[in-house]
Amino acid sequence: MSQPANAIRKKPVSLKKVILRLLLYFVVLDVCIITLYPYFAMLCTALKNRAEIFATADQSTILPVNVLWSNFIDIWSRAPMARYLLNSILIAGGSTLIAMLCGIPAAYALARMKFKGQTAFLGFVIVSQMFAPVVLLVGIYQVMQQMGLTDSILGLVFINAAFNQAFTIWLLRGTFMGISAEMEQAATIDGCNRIQSMMKVLLPVAAPGIVTTLIFIFINAWNEYTVALCLISTDTLKPLTVGINTFNGYNMIEWQYLFAASIFAIIPVVILFMSIEKNLVSGLASGGVKG
């Protein structure tokens, strides 16, 4: 059967497009390899024994000859890993909760209200992000000492929440400003006050931005090392980032245990991101549908 004369024919793909597509794939593959190779090397080292790690250059290989999965079990008996993990969860979770509880109302006020000194306050928020924790470490230690919060998990919760507060306010303010104010005005006409309109209308629509901010705060608090190293001296109160230094001895570094513990430190953040990513995508989809 002959095709109609007006049948649509597929245009042949040009050689230039094929080359550009292959080049794009090559660049993406290279970026993935460069990004993931350190984690691959970490995993391979965590599965080696001490003899393979300290072998000479001509005898060593990136892949382990004798795979020792027992290294991931031995670290739990050689150090209080469960306690370190719990401390990190408490610090990261507590600081994230405080930063969000304080940051959401502040960002809402900056996005929806006009008050004297608003521009100066926004400038202060930006300037506060320019100071690294190391620069303020002496002052932080003195303040924590006066408050009796040195060598305590609560002190680290407050410090991490404070350092992430400016980022929370700035990011959520942009999210709230991107949402039409008419939606809240419609809720006010229906009988809602300002707090009810924020809770029932604004926050559900701003869910993607809130989830994104939450992820960044949690990861920043989870990875914090310098302040925790200086403030915490009791071994059972150390977070995981500081506690894994147990395998860094004075005479020798136990690389297989150090990397095995580091992998355990990475896993909770990856699981959190993967679980929240689904909610982030669903929040973006539901936010664009008119109910």
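Residues numbered from 1 in each chain as written. Predicted model: local features only at pLDDT ≥ 70, side-chain atom pairs only at ≥ 80, totals over all residues. Heavy atoms only, no water.

The helix and strand tally for the protein chain stands at 13 helices and zero strands. Going from the N terminus to the C terminus, the protein chain shows its helices and strands as α-α-α-α-α-α-α-α-α-α-α-α-α. Looking at the protein chain residue by residue over its 291 residues, the buried ones come to 34%. For the protein chain, restricting intrachain contacts to residue pairs at least 6 apart in sequence, the fraction spanning at least 24 positions comes to 74%. Accessible surface, the protein chain as shown: approximately 18400 Å² in total, 69% of it carbon and sulfur. (Helix = DSSP H or I, 4+ residues; strand = E, 2+ residues; numbered from the N terminus. Buried < 20%, exposed > 50% of the residue type's maximum accessible area, 1.4 Å probe, protein only. Contact = heavy atoms within 4.5 Å. Areas by Shrake-Rupley, 256 points an atom, 1.4 Å probe, with all protein chains shown as cover.)

Tracing the chain through its elements places Glu254 in the loop between helix 12 (240–243) and helix 13 (255–287). In this view, Glu254 contacts Arg50, Arg78 and Phe247; residues no more than four positions away in its chain are not counted.

This next bit is on the nonpolar core. Core analysis: the largest hydrophobic core is formed by 26 residues, its most contacted members being Phe72, Ile75, Met81, Trp222, Leu240, Phe247 and Ala261. Mapped onto this core, the elements with two or more residues apiece are helix 1 (15–46), helix 3 (71–78), helix 4 (81–112), helix 10 (207–223) and helix 13. Tallying contributions element by element places helix 13 first for this core, with nine residues. Each residue touching Met81, except ones within four places of it in the same chain, is listed here: Ile75, Trp76, Leu240, Phe247 and Ala261. (Core = buried A, V, L, I, M, F, W, Y, C linked by side-chain atoms within 4.5 Å.)

This part takes up the side chain of Thr241. Mapped onto the secondary structure, Thr241 falls in helix 12. The class of Thr241 is buried, set by a relative accessible area of 17%. Apart from the residues lying within four places of it in its own chain, the contact partners of Thr241 are Ser88, Trp222, Asn223, Glu224 and Tyr225.

Non-glycine residue Asp151 carries a positive phi angle of around 55 degrees. Secondary-structure assignment places Asp151 in the loop between helix 6 (137–146) and helix 7 (153–177). Note on Asp151: relative accessible area 22%, which makes it partly exposed.

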